[in-house]
Amino acid sequence: MTILIDTSGSVGHVAVAAAAAESLRSDLELMLVGDQHQISQWLAEVGYDPAHLEVCHAPVGVSQAARKLEEIGGGALVTAAPSEEVVAAARTQMTLLEGAKPALCAVYPTARRRGDRQDPFVLILDVGASFEASDTDLYTYARMGAAYASRVSRNHRPKVAVLAQEIAGLWGPAAAVEALSRLEADTNMDCVGAVGGNEVCYGASDVIVTSGFVGNTVARLLEGVGEVARQVAESAQDSSVRWRMAYKVVEPELNSMLAFTDWKEYGGAPLLGYDKPVLVADPTADVEALQRAIRLAAKAIRLDVVGAVAKGLGAA
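Residues numbered from 1 in each chain as written. Predicted model: local features only at pLDDT ≥ 70, side-chain atom pairs only at ≥ 80, totals over all residues. Heavy atoms only, no water.

On to the nonpolar core. Grouped together as the largest cluster of nonpolar side chains are 65 residues, with contacts concentrated most on I3, L125 and L290. The greatest single-element share of this core, amounting to 10 residues, is contributed by helix 5 (residues 135-152). Membership of the second largest hydrophobic core comes to 34 residues, among which are A66, L77, V195 and V280. (Core = buried A, V, L, I, M, F, W, Y, C linked by side-chain atoms within 4.5 Å. Buried < 20%, exposed > 50% of the residue type's maximum accessible area, 1.4 Å probe, protein only. Helix = DSSP H or I, 4+ residues; strand = E, 2+ residues; numbered from the N terminus.)

Turning our attention to unusual backbone geometry. Geometrically, the link from L125 to D126 is a cis peptide bond, its omega value of 5 degrees lying close to zero. Within the secondary structure layout, D126 lies in the loop between strand 6 (119-125) and helix 5. Even without glycine at this site, R154 takes up a positive phi of about 55 degrees. Positionally, R154 belongs in the loop between helix 5 and strand 7 (159-163). On the accessibility criterion, R154 (44% relative accessible area) is partly exposed. Positioned with a positive phi, D304 is a non-glycine residue whose angle comes to about 50 degrees. Note that D304 resides in the loop between helix 10 (287-302) and helix 11 (305-314). Judged by relative accessible area, D304 falls into the partly exposed class, the value being 41%.

On the basis of which strands lie adjacent, the open sheet formed by 11 strands has the order 3-2-1-4-13-12-5-6-11-7-10 and mixed pairing. Of all the strands in the sheet, just strand 3 (53-57) and strand 10 (190-195) have a single pairing partner and so form its edges. Shown here is a sheet whose adjacent strand axes are inclined to one another by a mean of 30 degrees, direction ignored. With 5 bridges connecting them, strand 1 (residues 2-6) and strand 2 (residues 29-34) associate as parallel partners. Bridging from a neighbouring strand, I5 pairs with L32 of strand 2. Sheet strands in contact with helix 3 (residues 62-72) are strand 1, strand 2, strand 3 and strand 4 (76-79), and its direction is about 170 degrees off that of strand 1. (Pairing = 2+ DSSP bridges. Axes fitted to C-alpha atoms, helices over the stretch in contact; angles between N-to-C directions. Contact = heavy atoms within 4.5 Å.)

Examined against the element boundaries, P82 turns out to sit in the loop between strand 4 and helix 4 (83-93). In this structure, the C-alpha to C-alpha distance between P82 and P283, residues 201 residues apart in sequence, is 6.1 Å.

Along the chain, R67 falls in helix 3. Each C-alpha atom, one on R67 and one on A90, is 8.4 Å from the other, the two residues being 23 residues apart in sequence.

The next thing to look at is the pairing of strand 1. Most of strand 1 is tucked away: 4 of the 5 residues are buried. Note that the unit made of strand 1, helix 1 (residues 12-25) and strand 2 has a crossover that is right-handed. (Right-handed = clockwise from strand over helix to strand, strands pointing away.)

Together, F131, F213 and V214 line one region of the surface with nonpolar side chains, adding up to about 320 Å² of accessible area. Relative to the assigned elements, F131 resides in the loop between strand 6 and helix 5. (Patch = residues over 30% accessible without salt bridge, like charges linked within 9 Å, V, L, I, M, F, W, Y side chains within 5 Å. Areas by Shrake-Rupley, 256 points an atom, 1.4 Å probe, with all protein chains shown as cover. Salt bridge = Lys/Arg side-chain N within 4 Å of Asp/Glu carboxyl O.)

Here the focus is the pattern of salt bridges. Counted by the stated rule, this structure contains 10 salt bridges. Across the salt bridge formed by K159 and D190, the nearest N and O atoms sit 3.6 Å from each other. With K159 in strand 7 and D190 in strand 10, this residue pair connects regions lying 31 residues apart in the sequence. Shared partners join several salt bridges into a network, and the residues in it are E22, R25 and R295.

Here we come to the packing of helix 1 against helix 2 (residues 36-43). At a closest axis distance of 10 Å, the pairing of helix 1 and helix 2 adopts a crossing angle of 60 degrees. Put simply, helix 1 runs oblique to helix 2. Viewed along their axes, helix 1 and helix 2 form a crossing whose handedness is right-handed. Residues G12, H13, V16 and A20 of helix 1 form the contact with helix 2, whose participating residues are I39, W42 and L43. Of the residues in the contact of helix 1 with helix 2, the class split is 5 nonpolar, 2 polar and no charged. (Parallel < 35°, antiparallel > 145°, perpendicular 65-115°, else oblique. Left-handed = near helix turned anticlockwise from the far one by under 90°. Nonpolar A, V, L, I, M, F, W, Y, C, P; charged D, E, K, R; others polar.)

This paragraph deals with the confidence of the model for the protein chain. Of the residues in the protein chain, 84% have a pLDDT of 70 or more, and the chain-wide mean is 85. Between the elements of the protein chain, mean pLDDT differs from a low of 53, seen in helix 9 (residues 241-260), to a high of 96, seen in strand 4. (pLDDT = per-residue confidence, 0-100.)

In structure tokens:
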């Protein structure tokens, strides 16, 4: 299997370092895509196995990486380019699965473990592939997300929920309510109903579907929760000796919580709906996070996630 690693964007040198490190520990076939001269300079600074790491000169950006992925006819793409650029590249360069609606996913850890792998992550989609979503789109997201979770987490019957809210006795938005009705009627799905924004972290569901605008807003809010907790605690310790002593006591636990809620533990977020796996890492990803993304991309190929998504869409 060939994993393409996009080196465009602000962390190109990090992507090169991650691929180099991974080439020394695994037998994956890795391909760095980007400006060959720049990549060669970065490779000169690290150790790597040339038998498992090659360079493809494509200096334009992630769109060239997506095009190369289509050209080789297999494999997966790992990129830390801005998500909007990745979505645009996939739309113009890759093949959409029949019946699919592209969805960018986010992952967030909860206390509840799920599947044979005891995976703590809930999958939220869409978080930015498009702004609006009809009831059909949300229904499609649910089927794609469930198929992904069933393979990657070995969660054989993922619990699916729709992000919705009750206001003055009425549930909305309308598309979410209609999608919920369709999911509840689908015997192939384990629909657990609607969840509000305050329930995302509880972990009652494994897959949560919503429009891209709402999903992106929720994902960004969740990303900041742990860091805000740290800032509040650090600020409080400056107010008195008592707070300073208390902070020293809770600091190890706080650091553990931040590590648990860190997206780097997962590596990358999948862009579902296309004929090849695409993993999107954060634009500020470090080497460890990108290595995890590379391994997750390899797992997606090995477990035939794309095939599972296509099958899920066909069962709709």
